Amino acid sequence: MSRTKHRPQVSIICGSGLGMLADSLECQDQFSYSDIPGFPQSTVQGHAGRLVFGELKGKSCVCMQGRFHMYEGHSLLKTTFPIRVFKLMGVQTLIVTNAAGSVADHLHPGDIMIIKDHINFPGLVGLNPLHGPNDERFGPRFPAMSGCYNRELRSLAHEISKQLDIAGLVQEGVYAMVGGPNFETIAEARMLHRMGVDAVGMSTVPEVVVASHCGLQVFGLSLITNKVVKSYDDSDCVNHDGVLEVGRLRSQTVQQLVTEVISRMEINNNIDRMSNAV
Ligand SMILES: O=P(O)(O)O[C@@H]1C[C@H](O)[C@@H](CO)O1
Ligand SMILES: Nc1nc2[nH]cnc2c(=O)[nH]1
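The notes below deal with the structure included here. Given the structure is predicted, the values throughout are model-derived calculations rather than measurements. (Residues numbered from 1 in each chain as written. Chains lettered and ligands numbered in written order. Predicted model: local features only at pLDDT ≥ 70, side-chain atom pairs only at ≥ 80, totals over all residues. Heavy atoms only, no water.)

**Observations concerning the packing of aromatic side chains**
Logical step 1: Considering all chains together, one arrives at five aromatic pairs under this definition.
Logical step 2: Plain terms: the ring middles of Phe-31 and Phe-53 are 5.7 Å apart, the flat faces sit at 85° to each other, and that makes the pair edge-to-face. Here Phe-31, found in strand β2 (residues 26-32), pairs with Phe-53, found in strand β3 (residues 50-56); they are 22 residues apart in sequence, far enough to count as distant. Taken individually, Phe-31 and Phe-53 each receive the classification buried, so the pair is uniform in this respect.
Logical step 3: Centre to centre, the rings of Phe-39 and Phe-81 are 5.8 Å apart; their planes meet at 80°, and the pair counts as edge-to-face. Residue Phe-39 is located in the loop between β2 and β3, and its partner Phe-81 is located in helix α2 (residues 81-89); the two are separated by 42 residues in the primary sequence.
Logical step 4: According to the relative accessible area criterion, Phe-39 is buried, its value standing at 7%. (Phe/Tyr/Trp six-rings, centres within 6.5 Å; stacked < 30°, edge-to-face > 60°. Helix = DSSP H or I, 4+ residues; strand = E, 2+ residues; numbered from the N terminus. Buried < 20%, exposed > 50% of the residue type's maximum accessible area, 1.4 Å probe, protein only.)

**A word on the site of ligand 2**
Logical step 1: Taken together, the neighbourhood of ligand 2 is formed by 13 residues, with Ala-99, Gly-101, Glu-184, Gly-201 and Asn-226 sitting nearest.
Logical step 2: Taking Gly-101, its main chain carries an N or O atom lying 3.4 Å from a nitrogen atom of ligand 2.
Logical step 3: A distance of 2.7 Å separates a nitrogen atom of ligand 2 from a polar atom in the side chain of Glu-184.
Logical step 4: Here ligand 2 loses 96% of its free accessible area of 280 Å² to cover by the protein chains.
Logical step 5: In this structure, ligand 2 is accommodated by the second largest pocket.
Logical step 6: Elements with a minimum of two residues in the shell around ligand 2: β5 (93-102), β8 (199-201) and β9 (217-227).
Logical step 7: For the shell around ligand 2, the element with the most residues is β5, which contributes three residues.
Logical step 8: Looking at the shell around ligand 2 residue by residue, the classes come out as eight nonpolar, four polar and one charged. (Near = heavy atom within 4 Å. Polar contact = N/O pair within 3.5 Å; in protein donor to acceptor, adjacent residues only side chain to side chain. Areas by Shrake-Rupley, 256 points an atom, 1.4 Å probe, with all protein chains shown as cover. 1 Å grid on protein atoms, 1.4 Å probe; cavity = no way out; pocket = protein on both sides within 12 Å on 5 of 7 lines; lining within 4 Å. Sits in = over half its atoms within 2 Å of the grid points. Nonpolar A, V, L, I, M, F, W, Y, C, P; charged D, E, K, R; others polar.)

**Some details on empty space enclosed by the protein**
Logical step 1: Considering all chains together, one arrives at one cavity of 30 Å³ or more under this definition.
Logical step 2: Put simply, the largest cavity is a space of about 30 Å³.
Logical step 3: Looking at the largest cavity, the residues that line it are Phe-68, His-69, Met-70, Leu-76, Thr-79, Met-177, Met-202, Ser-203, Thr-204, Pro-206 and Glu-207.
Logical step 4: If you list the elements that add at least two residues to the lining of the largest cavity, you get α1 (76-79) and α6 (205-213). (Points joined across faces, edges and corners; volume = space filled by probe spheres on them.)

Written out as C-alpha cells, the structure is:
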C-alpha cells in the first residue's frame, strides 16, 4: 500500500479477454503480479498478470488484469489470495467478470449474463477455498451463501442496461463452476442443462465464496462467448481463441456496463480497513 496513493473501495476481476476493463481507470498505478509478494503468476492467454489501481467516475478502484484458475495448478487458497488482500485494503465491493459458455438455450454468444446465483461443483465435492482452519478475523466458520450476489447491484445493472439500450443483450442466470481445463462433453452439458445451469465456466466461484465470507458485496457478469454443445448432431467445437475473440468484440459494452454500475453504486465511507487488525 505504500507504493500507491489509491485506497480502493471497489475491486474488479477481469475474465478471459476482458482485461480492457482496467483501461478506463484514470491516474493508474500498475504492478506486475511477479512484483507482489504472495501473488501467483497468470499463465493463461488473455490474462495479463497486472494489478492496476486507479479512479473510475470518482471511485477508487483496483483491477486484476488476469485471474488465477484452479486448473493452472494453484491451490484454491492461492487463487483467492487477492480477495483477502483487497479486504485488508478496505475494499467493500467485488466485481467479478468471466467468459462462459451458454448452457441455457436462451443465452447466445455475445450476451451478458448478470450472475444471480452459482453452483460450486468443486465445492460440492470438497474443493473449497474456505477449507482448513477458519480465520475469524475474516468471517465465520459457516458462512451463508444465499444472496451472495447483491440484489441492489443486480437491479441497478438491469436499469443501466435499459438506459444504455443494451437490455436485449442482458439477462440474469445461474453460473456453474467446473474445474476445467477441458470444455464439457455433450453428456456433461446435458447434465448441467437439466440441473438448471445457465452458463458454465472455470472460475469466479472461489473468489465469490471468499469475498462473501469476508463481507464484501459482490456483483458478477458472465460474457457468453460460446454455446455449450448439447447435441451429438452439432459439429460446433469451442476453443479458447474463439472465447477471447468474443471478449474483444463485446469488451466495450461490458466496460460501459461495469463503469456505470461503479459510478452509481453507493459507497460507505466508514470503511472497514482491516490492515491494523491482521
Ligand atoms: O477467467 P475466465 O473464467 O473468464 O476464463 C474462462 C474459463 C477458462 O479459463 C477460459 C476458457 O476459454 O475462459
Ligand atoms: N467450462 C467452460 N468454460 C468456458 N469458458 C468459456 N466458455 C466456456 C465453456 O463452454 N465451458
